[in-house]
Structure formats: C-alpha cells, structure tokens
Amino acid sequence: MARHTDREYEQELEQLRNTVLLMGARVEQMTKSALDAFARHDVELARETIALDSEIDRLELDIDERCVKVLARRQPVASDLRFITTTLKIVTDLERMGDLAGNVSERVVELDSTSLLPVRASLVQMGHVVSDMLHEALDAFIDGDAARAERVIQRDSVVDATYAKIFPELLGHMMEDPKSVATAQKLQSIAKYLERVADHATNLGEMVVYMVRGEDKRHSGKIGRGAAG
Amino acid sequence: MTTEMAVPPNLIGVSGVAGAPEAADEPSVRPATQVRARGDAQTLPDDSIKIRVEDLRAYFGASEVLRGITLPIPGKQVTAIIGPSGCGKSTFIRCLNRMHEVTPGTRVEGKVLLDGLDVYRDDIDPVRLRRRVGMVFQKPNPFPTMTIRENVLAGMRLNGLKVSAPDELVEQALRRVALWEEVKDGLNRSGTSLSGGQQQRLCIARAIAMEPEVLLMDEPCSALDPIATARVEELIHELRDAYTIVIVTHNMQQAGRVADRTAFFYMGHLVEYDLTDVIFTKPKERRTEDYITGRFG
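All figures in this text were calculated on a predicted structure; none of them were measured in a lab.

Colleague: Go over the overall build of chain A with me, naming the residues and quoting the values.
Modeller: From N to C terminus, chain A includes seven helices and zero strands. Secondary structure elements of chain A occur, N-terminal to C-terminal, as α-α-α-α-α-α-α. The buried share of chain A, taken over its 229 residues, is 39%.

Colleague: Describe the overall build of chain B, naming the residues involved and giving the relevant values.
Modeller: Regarding its fold elements, chain B presents 12 helices and 10 strands. For chain B, the residues scored as buried account for 47% of the 297 residues in total. Within chain B, residue pairs in contact and separated by at least 24 positions form 73% of the contacts whose partners lie at least 6 positions apart.

Colleague: Before we move on, can you summarise the environment of F137(B) with the specific residues and values?
Modeller: All names here are of chain B. Looking at the secondary structure, you find F137 in the loop between β6 (133-136) and α5 (148-158). On the neighbour-count criterion, F137 (24 C-beta atoms within 10 Å) is buried. Each C-alpha atom of the pair F137 and G68 lies 25 Å from the other, and the pair is 69 residues apart in sequence.

Colleague: Any details on the nonpolar core? Residues and values, ideally.
Modeller: Ranked by internal contacts, the top residues of the largest apolar core, which has 143 residues, are A137(A), V208(A) and A205(B). The element best represented in this core is helix α7 (residues 181-213) of chain A, accounting for 16 residues. Apart from the residues lying within four places of it in its own chain, the contact partners of A205(B) are V152(B), A173(B), L174(B), R176(B), V177(B) and L179(B).

Colleague: Just give me the short version of helix α9 (residues 226-239) of chain B, but keep the residues and values in it.
Modeller: With 14 residues, α9(B) should cover 20 Å at 1.5 Å per step; its first-to-last C-alpha distance of 20 Å lies within 8% of that length. Summarising the contacts, the buried residues of α9(B) are in contact with β3 (78-82), α8 (196-209), β7 (214-218), β8 (244-248) and α10 (252-258) of chain B.

Colleague: Report on the sheet that holds β8(B), specifying residues and quantitative values.
Modeller: Residues and elements named next belong to chain B. Taken together, six strands build an open sheet; the order of strands is β6-β7-β8-β3-β9-β10 and the sheet is mixed. Since the sheet does not close on itself, it has two edges, and those belong to β6 and β10 (269-275), each with one partner. Here the average twist between neighbouring strands, direction ignored, is 20°. The pairing of β7 with β8 spans five bridges and is classified as parallel. Looking at β8, one finds that L216 is bridged to V246. Contacting β6 and β7, α8 runs over the sheet at an angle of about 170° to β6.

Colleague: Tell me what's going on with the pairing of strand β9 (residues 261-266) of chain B, and back it up with residues and numbers.
Modeller: All names here are of chain B. Among the six residues of β9, six are classified as buried, and the element is accordingly described as predominantly covered. Where β9 and β10 come together, six bridges link them in antiparallel fashion. Residue pairing for β10: A263 is matched across the bridge by Y273. Connecting β9 to the antiparallel partner β10 that follows it, the hairpin turn spans two residues, and M267 within it adopts a positive phi of roughly 50°.

Colleague: Pulling in residues and values, what's your account of the packing of helix α1 (residues 7-40) of chain A against helix α4 (residues 78-110) of chain A?
Modeller: For any two helices packed against each other, the geometry comes down to the angle between their axes and how far apart the axes lie. Residue and element names in this part refer to chain A. Following both chains from N to C, one finds α1 and α4 inclined at 20°, their axes separated by 9 Å at the closest point. In terms of orientation, α1 and α4 fall into the roughly parallel class. Read as a crossing pair, α1 and α4 show a hand that is left-handed. Contact residues: L13, L16, V20, M23, G24, V27, M30, T31, A34, A37 and F38 in α1; D80, T87, V91, L94, M97, G98, A101, V104, S105 and V108 in α4. Class assignment for the residues of the contact of α1 with α4 results in 15 nonpolar, five polar and one charged.

Colleague: I'd love a proper account of the interface of chain B and chain A, names of residues and values included.
Modeller: Taken residue by residue, the interface counts 13 residues in chain B and 14 residues in chain A. Secondary-structure elements contributing two or more residues to the side of chain B that touches chain A are α11 (276-281) and α12 (286-292) of chain B. Residue composition of the side of chain B that touches chain A, by class: four nonpolar, five polar and four charged.

Colleague: Outline the sheet that holds strand β5 (residues 117-118) of chain B, supporting the account with residue identities and numerical values.
Modeller: Residues and elements named next belong to chain B. Reading across from one edge, β2-β1-β4-β5 is the order of the four strands in this open sheet, with antiparallel pairing throughout. Every interior strand has two partners, whereas the edge strands, β2 (63-74) and β5, have only one. Here eight bridges tie strand β1 (residues 49-60) to strand β4 (residues 106-114), and the two strands are oriented antiparallel to one another. Note on β4: the bridge partner recorded for V53 is V112.

Colleague: Run through the confidence of the model for chain B, naming residues and quoting values.
Modeller: All names here are of chain B. Looking at chain B, pLDDT values average 86 and 85% of them are 70 or higher. A low-confidence stretch, residues 1-42 stays under pLDDT 50, and its non-local contacts, those more than four residues away or across chains, total 74 contacts. Here the prediction assigns the complex a pTM of 0.82, and the interface score ipTM is 0.79.

Colleague: So what's going on with the packing of α8(B) against α9(B)? Residues and values would help.
Modeller: Residue and element names in this part refer to chain B. Direction vectors running N to C along α8 and α9 enclose 20°, while the axes themselves pass 9 Å from each other. With respect to α9, the axis of α8 lies roughly parallel. The chirality of how α8 crosses α9 is right-handed. Of α9, the residues touching α8 (which contributes G196, G197, Q200, R201 and I204) are A228, R231, V232 and L235.

Colleague: Account for α7(A), with residues named and values stated.
Modeller: Since the α-helix packs 3.6 residues into each turn, any two residues three or four apart lie on the same face. Its 33 residues place the ends of α7(A) 48 Å apart at the C-alpha level, agreeing with the 48 Å of an ideal helix rising 1.5 Å per residue. Following α7(A) by one or two positions, G214(A) adopts a phi angle in the positive range, close to 75°.

Colleague: Could you give an account of the environment of Y120(B), naming the residues involved and the relevant values?
Modeller: Residues and elements named next belong to chain B. Of note, Y120 is situated in the loop between β5 and α4 (126-132). For Y120, a count of 24 C-beta atoms within 10 Å translates into the label buried. Placed 12 residues apart in sequence, Y120 and V108 show a C-alpha to C-alpha distance of 8.8 Å.

Colleague: Would you mind going over unusual backbone geometry in detail, with residue names and values included?
Modeller: Here the phi dihedral of H41(A) falls at roughly 45°; this positive angle occurs in a residue that is not glycine. If you trace the backbone, H41(A) turns up in the loop between α1 and α2 (43-51). Taking the number of C-beta atoms within 10 Å as the measure of exposure, H41(A) has 14 and is therefore partly exposed. Backbone geometry places K76(B), a non-glycine residue, at a positive phi of 50°. Within the secondary structure layout, K76(B) lies in the loop between β2 and β3.

Cut-offs and rules
- Residues numbered from 1 in each chain as written.
- Chains lettered and ligands numbered in written order.
- Predicted model: local features only at pLDDT ≥ 70, side-chain atom pairs only at ≥ 80, totals over all residues.
- Helix = DSSP H or I, 4+ residues; strand = E, 2+ residues; numbered from the N terminus.
- Buried ≥ 20, exposed ≤ 12 C-beta atoms within 10 Å, placed from the backbone.
- Contact = placed C-beta atoms within 7 Å.
- Core = buried A, V, L, I, M, F, W, Y, C linked by C-beta atoms within 7 Å.
- Expected span 1.5 Å × (residues − 1).
- Pairing = 2+ DSSP bridges.
- Axes fitted to C-alpha atoms, helices over the stretch in contact; angles between N-to-C directions.
- Parallel < 35°, antiparallel > 145°, perpendicular 65-115°, else oblique.
- Left-handed = near helix turned anticlockwise from the far one by under 90°.
- Nonpolar A, V, L, I, M, F, W, Y, C, P; charged D, E, K, R; others polar.
- pLDDT = per-residue confidence, 0-100.

If you want it as structure tokens, here you go:
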C-alpha cells in the first residue's frame, strides 16, 4: 500500500503497528513460557512468567492511548479506520491472553509434580495447538493475510473438541481416587484457560479478516443484521 | 475550480449554446467508464432516481474534463461528489443545470435525464431548467445592493415571476434555512450586512424560494467557519426531505457527515460510487482508498 502524503501520520501508524507487534510478541512469549513451565513442571519459570504480565498491561494502555489520539486528530477512514478499530479490539484480547498465561503459571506453582500424567500430556498437546493459533493470528495481522486468519478461526473447534474430552477424563479420575481431586481441579482450570486463549486467538483472526476485507466474521451468521442497527 | 460571478448564475438566462444540444443525442463511440457500484445495484431502484446521467462528457475547448460519467442520482437524498482539484466535480454539477455551457468555448456530450427528460434537448430552456435545478456557490453571493427581503425574492423577480404573497414567501424561505429568527427584525438591512454563514443561508433561501426540485451545492461551506459550517450541514439534513441535493466538497469529512451516497471522481472519470458508509469504511477501488486516506500523489 502507498504511503500517506503526511509523513508524520504515516509514522504514527507505523509506531502504533510496531507497538502492537511488540505486545503480540510478549503475549506469545508469555504463553509459550507458561506452557513450558507446565510441561516441565518448572516452578521457577512459572514465577518468572507471571512477572511478564505487567509489561503487557503497560503496552495495552500505550496502544489504547495512541489509537484514541489518531481517532481524535486524524479522523481515519477506510483501511486506516479498520486498522485502528481492529487494534483497539485486539489489544483487549491480547491482554486477556496474557492474564490467562499468568493463570496457567499460577496453577503450575500450586501443582505437585507427578500425578495424572496422561491428562497432562493431552494438555501439553492442546497447549501446542493454542500457542500455534496465537502465532498464526499475529502473523496474519502483520501480513494482512485474511486467508491465514480464517485458518486460525477454523482451528478453534479442534481445541474445543479436545477440551470437551479432558473434562470427563478428569471427572473419572476424581471419582476413582478422591485424593486426586485437588490436582484434577487445577488441571481442569488449566484446560479452561487454554480453551479461552484459543477463543481470543479466534477473535484476533476474525478481526484480521475484518481489517483486511471489511467482512465481519463474528458470530458466523448466527445473528440477523439490520433491524437493530 | 469554482467560477465566481457577481450575479448568481442560476438566474442568468442563457440559451442556444452551440454544440451541446446536437451532441446530446449522438451515441458515444467510447465505452462508458467501468464503475464499481455494487451497493447501488442493490439499493437504488429505478423509480427512486431523480437524475440519470449517461456517458456525460464535458469540454473546455479541446480539453475533455469529464470523460464519460454515468451516474444515477437518487431523489430526496444527498449525493456528494469528492475528488482532488481538477477532477471535474464542479464541472459535473454545472452540467446538471446547464451552467457549464455559460462559459464560452465549452461543450457537453451525453445525457442528463431529469425525471426522464433530457435537459440538453433542443426545446429545453436552460433558464426554466435552472428554476427546477437551483444552485448554491462556494462564496456566499447575496446581491450587495439588495436588502435581505429583496434577496430572497430576487430569483422570482429576475425570472419575471409574479409573487402573490411575498411576505409569506420570504418568511417561509428564511424559516426553512433557520435564518428567520436571526433576521426577522431587520429584513430591510443589506444582505451583505450578515455574517458569512448567514449570507450563505440567505443564498440557500434565495435558491429554495424558487421551489426547485434539485439543489446543487458547489463547496457551500469552504468559506465558512466550523460553526457556520455545522449550521449549513444541519440545514442540508433538513432540506433532504424535500429536495434532491448534490454537493461538491473538498472536505471528505463533510461528505461523510451529510451525504447518503458519495461519488469519487478522478481526472474526469467516476472511479467509485456507493453508499457513503461503504466508501468511508471499505471502498472497493484502490484509488478511492488512497485518496480518502490521504495517500494520494
């Protein structure tokens, strides 16, 4: 795409884009780190991961402020407007993903190291998919690649299916061995956190499709449009 | 772009300009510009079209400034024409009431159908046409030697029309443009004693006193401050119920604020025409996108 005639405006948008990329990279790093800490039961790494969240929160505020300034002073339209509105929405998703990675890490700190290994393996597997979805959604955002973003959206059902299997499995363990209840509950929470990260990655994907094509993919055809608007 | 004239040109009687009427009925050999107007195919039924412009070409001497414009303009809606200087947007609206041909050396080809009637037909009197298709200009141009009251009535008087109840017409026109309360105690003051924004509303009152069906506005706010601009824009919203409005504007935010539909012109071509919401959120043409986001040139 051609550059804006006003170079200062071009620079403002470029800096905003870079800040979103930085925030995305931090969230991805935090998610991976939380999953590593879980897979290796590395309590130290889990603690370090929790500490990463404050930078993500700071970036969220920074990005929001930049977006509001552009809206107030530049009245962006067309692709610029879609970029700004997309950014305003995805920072919320990114920030939540950071919180969820922090929550995973907190459960890792509380967990013992040995029990319920098969379920843990399923969770690690699920974590890989979720982490990859986030990575792909961010790349789709950077490249303005709507097709890639759509593939992210499609993968959410894979994560949902895995999540749906994990809960009965954990329930079985809890009934068999009441001593496993505390651990099983923590694993159940982790499964829920990961499933939520996938939902946020899906939101990212939907917003990227909107940013690139101007098409709204949310709530895929489940809501009638027009009457309320 | 806009030619300023001492006398409001919509009141000047000019007829029989060579070239235009003959050319109008000739089929053009050049293909019409391809225009993406998906929104229109879906939302603009035939019977809602007030002015149908077909393969319109306008010339200054040998220079072709409009290169085959085909554009349906819906009735009782606001249509904005945007585009960079020299794109032909002012020429375009001046073709709609045959003002273009007032300038010597100009020529028009193609069709402008007002309710199906070709306004370039031989037997059409441009002066009468301009009573149906009024115009408001960039710079407020009340007659300097006339009072506010006389200015409102000027269009009727210069057209030799009898006004049966002038006081009522003056009040009605001034109320319509929300100027009545501000001037009712000084109707005999000079029109030029008013502020710029008031003068522009007076000119709009003068245009609508003629009870036109279409109101053409050529950059009506470019000489006004933001508050006067807001009042004219508010007025445009009000007038939309009764008139078909075509507004040329350099100010894209203004098109966004007032227009139902927006057409983007570039170098004499219509690049894109769609609902204003679509043009400003997801235009289909790269040239539109580049222009409205400030990536042009």
